[in-house]
Amino acid sequence: SFMSLNPFVDYSDPQNLSRGNPELKPEYVNSFEITDLQYLPKGSLNFTLFYRYTTDIISRVTRLLDSNVTETTYENLNRSNTVGFELIWNQNFFDWWKLNWNFSYFYLDVNGIPQYGIQAKNSRSWNTKLNSIFNISKGIDLQFNMSYDSPVVTTGGGGMYWRFFSIGSVGHLDGIFTASLALKIDLLNERATINFRIMDLFKTINYNLTTDGSNFTSQMNRTRESRIAFLGFQYKFNEYKRPKVKRPEDLQDFELE
């Protein structure tokens, strides 16, 4: 991103300076996957085995300038190896109950940055997601979602789990659990729809990250207004259908007089 390359120091927080690194090199990922798909009665099972070798990982790193001031910038880690598997199960148990379950396990090995006092790290991590849809009655659907991400090594940049790796610097992130609930009601012969959704149902989203440097250890705890309710109404005035676009070979030639 632009901020990753911008060399000018951001002084908006005098005790936590930040700047980009115009000398960054691009990050390359070599990815290999083997997938097997099995069809089941009213469902399917998808198994994937993967391996990823990443070089010049763009990572956010922090160093302590003095007892009260830190500076955060971006550097290229040498490499990382990720190997694991993913399992996806879709099943229609009944006409009124559909289930989607995802489970992933991986081993991540990341090298360190000696000049920043960052040691090589590795972790065996897993995550799971569950999406369950219940058809309560005609036109009324209830959906329950939950997910858990186990503790994992972070690189402070991109990566397979970018939503967590982009937090803080190279370090270790504790596990995170969240759940949500949604209700959809169709009205007026499906011309109108009411949607109601609650995010982070049990208010469990907390980011606890530990970062180690050459002469410091940082503990960060981040919370937010995560339990949020949404209420929406949609009405279709006209069910517009996009006309099919004719291919050039389907068009007729016309002569101008």
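Throughout what follows, the structure given in this document is the object of discussion. The structure displayed is predicted, hence computed values, not measured ones. (Residues numbered from 1 in each chain as written. Predicted model: local features only at pLDDT ≥ 70, side-chain atom pairs only at ≥ 80, totals over all residues. Heavy atoms only, no water.)

1. Focus on unusual backbone geometry
With phi around 55 degrees, Asp56 is a residue other than glycine that occupies positive phi space. Along the chain, Asp56 falls in strand 3 (residues 43-64). At Glu190, a residue that is not glycine, the phi angle is positive and equals roughly 65 degrees. You can see Glu190 is positioned in the loop between strand 10 (176-187) and strand 11 (192-199). (Helix = DSSP H or I, 4+ residues; strand = E, 2+ residues; numbered from the N terminus.)

2. Overview of the environment of Tyr105
Relative to the helices and strands, Tyr105 is located in strand 5 (residues 97-110). Spatially, the C-alpha atoms of Tyr105 and Gly84 are 5.4 Å apart, while their sequence positions differ by 21 residues. Setting aside residues up to four positions removed in sequence, Tyr105 forms contacts with Phe50, Val83, Gly84, Phe85, Arg124, Ser125 and Trp126. (Contact = heavy atoms within 4.5 Å.)

3. Things to note about the nonpolar core
In terms of nonpolar packing, the biggest core is built from 15 residues, with Leu77, Phe106, Leu108, Val110, Leu173 and Tyr207 touching the most fellow members. Every element with two or more residues in this core is listed here: strand 3, strand 5, strand 8 (152-154) and strand 12 (207-212). (Core = buried A, V, L, I, M, F, W, Y, C linked by side-chain atoms within 4.5 Å. Buried < 20%, exposed > 50% of the residue type's maximum accessible area, 1.4 Å probe, protein only.)

4. Overview of a nonpolar patch on the surface
A contiguous nonpolar patch, built from Leu187, Leu188, Phe233, Tyr235 and Phe237 and spanning about 590 Å² of accessible area, is present on the exposed surface. Take Tyr235: it is sitting in strand 14 (residues 228-235). (Patch = residues over 30% accessible without salt bridge, like charges linked within 9 Å, V, L, I, M, F, W, Y side chains within 5 Å. Areas by Shrake-Rupley, 256 points an atom, 1.4 Å probe, with all protein chains shown as cover. Salt bridge = Lys/Arg side-chain N within 4 Å of Asp/Glu carboxyl O.)

5. What to know about the pattern of salt bridges
Under the counting rule described, the total for this entry stands at seven salt bridges. Note that Glu33 is salt-bridged to Arg52, the shortest N-O span being 3.4 Å. Placement of Glu33 in strand 2 (residues 28-40) and of Arg52 in strand 3 is noted, with a sequence separation of 19 residues between them. Asp186 serves as the salt-bridge partner of Lys184, at 3.3 Å between the closest nitrogen and oxygen. The network of salt bridges with shared partners includes Arg19, Arg63 and Glu71.

6. Let's talk about the pairing of strand 10
The side chains of a regular strand alternate, first on one face of the sheet and then on the other. Note: strand 7 (residues 140-149) against strand 10, ten bridges, orientation antiparallel. Looking at the pairing, Ser147 lines up with Thr178 of strand 10. Here seven bridges tie strand 10 to strand 11, and the two strands are oriented antiparallel to one another. Across the sheet, residue Asp186 finds its bridge partner in strand 11, namely Thr193. Here strand 10 folds back onto strand 11 in antiparallel fashion, the turn holding four residues, of which Leu188 has a positive phi close to 55 degrees. (Pairing = 2+ DSSP bridges.)

What is shown is where atoms sit, not what they do.
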